[in-house]
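# A structural walkthrough
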Amino acid sequence: MPIKPSFIIHTGDITHLSKSAEFDDADKVFSETGVPIHWVPGEHDIIDEERGKAYLERYGKGSKGAGWYSYDDHGIHFIGLVNVVDLKGGGLGNLGAEQLAWLEADLKDRSNSTPIVVFAHIPLQVIYKEWGWGTEDGMQALNLLKRFGSVTVLNGHIHQLAQKVEGNMTFHTALSTAFPQPAPGSAPSPGPMLVPADKLRTLLGLSTVSVVQGNKPLAIIDKTLAG
Amino acid sequence: MQILISQLRFATTRLVFNRGLAVALVFGPVVGAMLAFGAVAAQDATTKDANEITIDNFTFTPKELTVAVGTTVKWVNHDDIPHTIVEKKTTFRSKALDTDDSYSFTFTSAGTFDYFCGLHPHMVGQVIVK
């Protein structure tokens with residue numbers, strides 16, 4: 001890495017089949033970056049025999065439930081949500097009542113001026129229902145975030161870029177480093193997209209967030225002396 | 001401030017890919033031999049596969065299957081992506097099925113069993129046991 005970021009957010013699907021060897025390989029690759037990493041699980045990371053135990057043993061320290069948590073960095077409140085467990089037939093991704101109650105409590109005493117970044121594996125908003133690209137109770141989470149002046153919503157799962165701005169909320173997905181997936185409805189299924197080998201690297205990638213000098217007003221963050 | 005958002009899975013993907021390649025090379029002659037017997041085997045396939053549900057393109061086929069009490073139904077995953085078979089009331093739940101893995105369940109009582117993929121719940125199917 002030419003410039004080391006403050007940290008990496010991994011939006012899930014660390015592995016293909018939740019196997020120990022796969023987690024080991026991923027850990028080895030990521031440890032080479034020397035950068036702290038914040039994880040949330042994808043559906044591929046919780047299909048071990050005990051359905052998520054392997055993930056939680058490695059990455060669940062300090063998290064609640066199936067692995068959700070929040071932390072503060074650079075004056076920003078970051079929230080990692082898990083929407084890949086206890087999915088219901090015919091439905092979409094799912095946060096569940098326990099996680100939503102936790103989120104409500106987590107946000108309760110935060111001022112509206114606190115910048116929020118929330119990330120989960122499956123999109124919290126519905127991008128394409130027919131392929132399950134959305135979260136059943138995602139709107140309940142987004143409603144809890146509406147009062148904040150700056151909310152950034154990140155997700156993985158769909159292996160392609162999509163962006164949307166809605167009021168104070170900005171939605172961003174990221175490219176995958178594994179394989180590309182087709183645009184919604186453009187193929188019979190969301191399965192891996194076969195592309196010519198020389199095109200592959202144009203469809204894989206990373207997203208970085210940098211401070212770029214612009215003409216927009218800066219965010220004012222209020223903080224009491226109590227912290 | 002700089003944050004990097006990523007989905008680094010390339011190491012594991014590369015391993016899976018290499019394994020697939022090795023298997024293809026080693027079993028090249030065996031596949032050839034199987035193809036030679038393909039015509040003979042196909043004769044039995046229609047009766048043998050009556051209680052088999054295949055997964056292709058994130059879809060269960062047939063979507064509805066009617067069987068008699070005591071029948072063993074087999075699900076086979078042909079996708080490059082793992083799937084699981086979960087009955088709505090969790091009467092049965094498979095492990096993760098990788099490409100070409102299968103799962104079988106014997107229905108010992110009559111009823112309608114709705115199931116879905118635990119990873120991609122928009123994939124749904126039904127087994128009716130009479």
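Right above here is the structure, for reference.
The structure reproduced in this document is the subject of the present report.

Cut-offs and rules
Residues numbered from 1 in each chain as written. Chains lettered and ligands numbered in written order. Predicted model: local features only at pLDDT ≥ 70, side-chain atom pairs only at ≥ 80, totals over all residues. Heavy atoms only, no water. Helix = DSSP H or I, 4+ residues; strand = E, 2+ residues; numbered from the N terminus. Expected span 1.5 Å × (residues − 1). Buried < 20%, exposed > 50% of the residue type's maximum accessible area, 1.4 Å probe, protein only. Arc of directions from axis to C-beta. Core = buried A, V, L, I, M, F, W, Y, C linked by side-chain atoms within 4.5 Å. Contact = heavy atoms within 4.5 Å. Pairing = 2+ DSSP bridges. Axes fitted to C-alpha atoms, helices over the stretch in contact; angles between N-to-C directions.

Quick look at helix α1 (residues 20-31) of chain A now. All names here are of chain A. Between the first and last C-alpha of α1 there are 16 Å, a value that for twelve residues agrees with the 16 Å anticipated at 1.5 Å per step. Along α1, the residues classified as buried are Glu22, Phe23, Ala26, Val29 and Phe30. Burial along α1 is one-sided: seen end-on, the buried residues are contained in an arc of 125°. Within α1, the exposed residues directed more than 90 degrees away from the buried face are Lys28 and Ser31.

Attention shifts here to the nonpolar core. Nonpolar side chains tend toward joint burial in soluble globular proteins. One finds B:Phe60, B:Trp75, B:Ile85, B:Phe92, B:Phe107 and B:Val127 to be the most contacted residues of the largest nonpolar core, which totals 27 residues. Broken down by secondary-structure element, the contributors of at least two residues to this core are β2 (52-56), β4 (64-67), β5 (72-77), β7 (102-106), β8 (111-116) and β9 (124-129) of chain B. Residues in contact with B:Val127, not counting those within four places in the same chain, are B:Ile53, B:Leu65, B:Val67, B:Val73, B:Trp75, B:Phe107, B:Gly111, B:Thr112, B:Phe113 and B:Tyr115. A:Leu100, A:Leu107, A:Ala120 and A:Phe148 belong to the second largest nonpolar core, which has 26 residues in total.

Residue and element names in this part refer to chain B. Taken in spatial order, the four strands of this open sheet run β3-β2-β5-β7, and their pairing is mixed. At either end of the open sheet lies a strand with only one pairing partner, and these are β3 (59-61) and β7. With strand direction ignored, the average angle separating the axes of adjacent strands in the sheet is 20°. Summarising the sheet, β2 and β3 pair through three bridges and their orientation is antiparallel. Directly across from Thr54, in β3, lies its bridge partner Thr61.

A word on the environment of A:Phe179. Relative to the assigned elements, A:Phe179 resides in the loop between β8 (169-173) and α5 (197-200). A residue is classified by how much of its surface remains accessible, and A:Phe179, at 15% relative accessible area, is buried.

Moving on, we come to helix α4 (residues 138-145) of chain A. All names here are of chain A. Along α4, the residues that are buried comprise Gly138, Ala141, Leu142 and Leu145. Down the axis of α4, the buried set is contained in an arc of 95°. They therefore lie on one face. On its buried face, α4 sits against β4 (76-80), α3 (97-107), β5 (116-120), β6 (151-155) and β8.

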